[in-house]
Amino acid sequence: MSGSNLKVGLVLAALLMLFFGTGIIANATPATQAGEYSSDDFTYESRCRQCHAIIYADWEGTMHFNAYLDPFYLEEVRIASEDTDGALDEFCSRCHTPIGVVSAEIPPIDGSGMSDIAKLGVQCDFCHVVSGSNGTGNAPFTVTPGDTKWGPFDDARGNYHESEYLELYTQSEYCGMCHQVINPVNGLVIDDTYSAWKESQYAEDEVVCQDCHMTEGITEFEANPGRAGSGAPKRDHISSHDIVGANTLIPPMFGADNVAEMAVERLQKATTMEVSAPDVAPTGDEVLIDVSITNSGAGHKIPTGVSEIREMWLELTVTDANGESIYNAGSLDADGNIIGANILYNNILADSEGDETKSFWLAESVLEDNRIGPKETVTEQHSFILPENVAYPLTVQSTLKYRSAPQDMIDHLLGEETDVPVVDMNEISMIIYDPSTPADERKQPEPDSTSTPGFGALTAAMVLGITMYILKRK
Ligand code: HEC
Ligand code: HEC
Ligand code: HEC
Ligand code: HEC
Ligand code: HEC
């Protein structure tokens, strides 16, 4: 295709997707088009905050708040716009600044036409004027800004605005409007968070995005009794708006260290890990170490989202009693590059030439998808020959790592002073003894209490399970 044909094709495809969505649903409403409203039709979050102060504090600093101002996004969208001659400007912006698009303030992609409210990303008076949708994928939302706020209650009475119940708010399909990204030109699925959930046991069991992301439960629904606003009645459950995923890079740039801390906690609850290593090993022998990792807590693949950019990997090190390194896979070098990891758990995309690309707007196929599906277990095998002169005992350290992006990519886009935080998601250590050590002296470190819940934790989980059953979905 020539440049201009490509551009026409892109625009047509993007429009088709907006009109028809990508999934077929009952009660579909047509997606709101660019220019149907003005940004003056929307209300600033500072107004909502006057009565919904807790919800506001939750939302502030999250990736929804940052969805447009995120400097990583702004750099990438600038490059995507250049690469496609502006053809994807509206496409990208529709999720990252929905008010900017429906009020036709963007494009131009440099943001020069945008009002302040449009820059507030995915915000209160966007999310709560969603009055319907045309399915999931590529943001086929219908919005009706004005006096009515839509939400999960069928009996809400406010004195400032009208309230209306819409079941969509309690369903994964609400999130699935934006958390499912399909390349409008060639149909390649770039973000499969919604569809991976839909095909999982979680969907079968009716555990929705909101259960894990809008309650303190992290891996399951947990009731949070309270009031939705000042003067509002006490209810059995109010959803939290600190909707957090795994991003630890961007929130601190906006002063939201608390959001990054919540992301760390979430990452640390996402997996379980088992290491099998021999108790003893003679020098000169081949030592085999198996590590299995289970996605026990996430309702989609890990990583998910822009998973061609996210990185998860296992660092496995074996050191002897003198601290000498015997084996090392997956450590970082001085520049922050991962060296010798067995597997990088991510999604590798290829451009039209078949070459690997992280520029997902140019992607035409998937080269490899190494992510771990919901409830799936993968096993990595490591082996090495034990050298003659080691000092026993040996320590095996297995650590599952995650970062939002490769360091060199961020160096290139945002400058070398930005360190991408690396999160330890899970860790286990084991000891390998000299074969002459008597069996009763071969002690293994106590396993981490979080990976093997004791009796107390189990009872708490059962009680919680019952409460959850009672309160579950109105
Ligand atoms: C990403 C979209 C999104 C954003 C942004 C958002 N909300 Fe919500 N909100 C929801 C969803 C979805 C629910 C229902 C969750 C459920 O019940 O499972 C909800 C529930 C509510 C409720 C009902 C009470 C409760 O918490 O369950 C109120 C009130 C509310 N939101 C106000 C706000 C305010 C004020 C803001 C801005 C500070 C805001 N929301 C930002 C999606 C959003
Ligand atoms: C003057 C106080 C006040 C202001 C300002 C206010 N709200 Fe509300 N809102 C309430 C009260 C009270 C309720 C009822 C809560 C209940 O019944 O539990 C409510 C309920 C809601 C609900 C739940 C609706 C449903 O049926 O589930 C949403 C969503 C909501 N507000 C969003 C907003 C948004 C967005 C803004 C800013 C544009 C806003 N509110 C501004 C007082 C206010
Ligand atoms: C069973 C609980 C659970 C459900 C259901 C769930 N999530 Fe998650 N989600 C998690 C956990 C735990 C993490 C952190 C691990 C990770 O990054 O995948 C996470 C991470 C994420 C991330 C950040 C991903 C990354 O790796 O950068 C996004 C985005 C997300 N979830 C969106 C969703 C959406 C949208 C849905 C519904 C379609 C959903 N989640 C359903 C538990 C859940
Ligand atoms: C209007 C589109 C839109 C809707 C609707 C939406 N999101 Fe998002 N969400 C985004 C965008 C855009 C980002 C990422 C912003 C960025 O990274 O720059 C995001 C970020 C997130 C993150 C943070 C990911 C991370 O890596 O930390 C989570 C978690 C998340 N959304 C969950 C949800 C859930 C759960 C719902 C439904 C209740 C939902 N979203 C509804 C557009 C949306
Ligand atoms: C259908 C909605 C949608 C569209 C269209 C979309 N995005 Fe996103 N984008 C998201 C969501 C949701 C996330 C968060 C997923 C995650 O946490 O990994 C995200 C995350 C990102 C991130 C990662 C930001 C960070 O801080 O880690 C970048 C960069 C990005 N998008 C750029 C783009 C560009 C460029 C385009 C157009 C080519 C685009 N997006 C189109 C929904 C969308």
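Preceding block: the structure.
Residues numbered from 1 in each chain as written. Chains lettered and ligands numbered in written order. Predicted model: local features only at pLDDT ≥ 70, side-chain atom pairs only at ≥ 80, totals over all residues. Heavy atoms only, no water.

**Some remarks on the coordination of the iron atom of ligand 1**
Within the protein, His128 (NE2) and His241 (NE2) serve as the donor atoms for the iron atom of ligand 1, at 2.0 Å. Taken together, the six donor atoms coordinating the iron atom of ligand 1 and their angles of 85 to 179° define a geometry best described as octahedral. Here the residue histidine 128 occupies a position in the loop between helix H7 (124-127) and strand S1 (130-133), and histidine 241 occupies one in the loop between strand S8 (234-235) and helix H12 (257-268), the gap between them amounting to 113 residues. Its relative accessible area of 23% is what places histidine 128 among the partly exposed residues. A relative accessible area of 17% means that histidine 241 is categorised as buried. (Donors = N, O, S within 2.8 Å, 3.2 Å for Na, K, Ca; no water. Tetrahedral: all angles 85-135°; square planar, octahedral: opposite > 155°, others 65-115°. Helix = DSSP H or I, 4+ residues; strand = E, 2+ residues; numbered from the N terminus. Buried < 20%, exposed > 50% of the residue type's maximum accessible area, 1.4 Å probe, protein only.)

**Looking at the site of ligand 1**
Taken together, the neighbourhood of ligand 1 is formed by 22 residues, with Cys124, Cys127, His128, Ser239 and His241 sitting nearest. Note that a nitrogen atom of ligand 1 is positioned 2.7 Å from one of the side-chain N or O atoms of histidine 128. In this structure, serine 239 approaches ligand 1 through a side-chain N or O atom, which is 2.6 Å from an oxygen atom. Listed by contribution, the elements that provide at least two residues to the shell around ligand 1 are helix H3 (53-59) and H7. Tallied by class, residues from the shell around ligand 1 come to 14 nonpolar, seven polar and one charged. (Near = heavy atom within 4 Å. Polar contact = N/O pair within 3.5 Å; in protein donor to acceptor, adjacent residues only side chain to side chain. Nonpolar A, V, L, I, M, F, W, Y, C, P; charged D, E, K, R; others polar.)

**Brief notes about the sheet that holds strand S19 (residues 394-403)**
As summarised here, the arrangement of the four strands in space is S12-S11-S19-S20, forming an open sheet in which the pairing is antiparallel. Only two strands of the sheet have a single neighbouring strand rather than two, namely strand S12 (325-329) and strand S20 (423-432). Going from strand to strand, the sheet's axes swing by 10° on average, the running direction of each strand aside. Of the pairings in the sheet, the one linking strand S11 (residues 311-319) to S12 comprises four bridges and is antiparallel in character. Bridged to threonine 317 within S12 is asparagine 328. Each of S19 and S20 touches H12; the most contacted strand, S20, lies at about 45° to it. (Pairing = 2+ DSSP bridges. Axes fitted to C-alpha atoms, helices over the stretch in contact; angles between N-to-C directions. Contact = heavy atoms within 4.5 Å.)

**Considering the site of ligand 3**
Neighbouring ligand 3 are 26 residues; Cys209, Cys212, His213, His300 and Ile302 lie closest to it. A distance of 2.8 Å separates a nitrogen atom of ligand 3 from a polar atom in the side chain of histidine 213. Side-chain polar atom of tyrosine 402 to an oxygen atom of ligand 3: 3.0 Å apart, as the coordinates give it. Looking at the shell around ligand 3, the elements that each hand over two or more residues are helix H9 (193-198), helix H11 (209-213) and H12. Looking at the shell around ligand 3, its residues break down into 15 nonpolar, nine polar and two charged.

**Some remarks on H12**
When the terminal C-alpha atoms of H12 are compared, their 17 Å separation across twelve residues agrees well with the 16 Å that a helix rising 1.5 Å per residue should span. Among the residues of H12, Val259, Ala260, Ala263, Arg266 and Leu267 are the ones counted as buried. Down the axis of H12, the buried side of the element spans an arc of 115°, and every buried residue falls inside it. (Expected span 1.5 Å × (residues − 1). Arc of directions from axis to C-beta.)

**Things to note about the packing of helix H4 (residues 71-83) against helix H5 (residues 89-96)**
Orientation of H4 relative to H5, taken along the N-to-C sense of each, is 160°, at an axis distance of 10 Å. Taken together, the axis directions place H4 and H5 in an arrangement best described as roughly antiparallel. The chirality of how H4 crosses H5 is right-handed. Note on element contacts: H5 touches H4 through Asp89, Cys92, Ser93 and His96, opposite Tyr73, Val77 and Ser81. Broken down by class, the residue content of the contact of H4 with H5 amounts to three nonpolar, three polar and one charged. (Parallel < 35°, antiparallel > 145°, perpendicular 65-115°, else oblique. Left-handed = near helix turned anticlockwise from the far one by under 90°.)

**Notes on the coordination of the iron atom of ligand 4**
Ligation of the iron atom of ligand 4 by protein atoms is provided by His64 (NE2) and His179 (NE2), these donors lying 2.1 Å from the ion. Seen from the iron atom of ligand 4, its six donor atoms lie at angles of 84 to 180°, and the figure they make is octahedral. Highlighted residues: histidine 64 in the loop between H3 and H4 and histidine 179 in the loop between helix H8 (172-176) and strand S5 (181-182), separated in sequence by 115 residues. Taking relative accessible area as the criterion, histidine 64 reaches 23% and is therefore assigned partly exposed. On the accessibility criterion, histidine 179 (37% relative accessible area) is partly exposed.

**Comments concerning the packing of aromatic side chains**
In the structure shown here, the tally under the stated rule is eight aromatic pairs. Pairing phenylalanine 360 with tryptophan 361 gives two aromatic rings, centres 5.1 Å apart and planes at 70°, and the pair type is edge-to-face. Positioned over the ring face of tyrosine 160 is arginine 47, at 4.1 Å from the centre of the ring. Of note, lysine 375 hangs over the ring of tyrosine 202, and the distance from its end group to the ring centre comes to 4.7 Å. (Phe/Tyr/Trp six-rings, centres within 6.5 Å; stacked < 30°, edge-to-face > 60°. Lys NZ or Arg CZ within 6 Å of the ring centre and 35° of its normal.)

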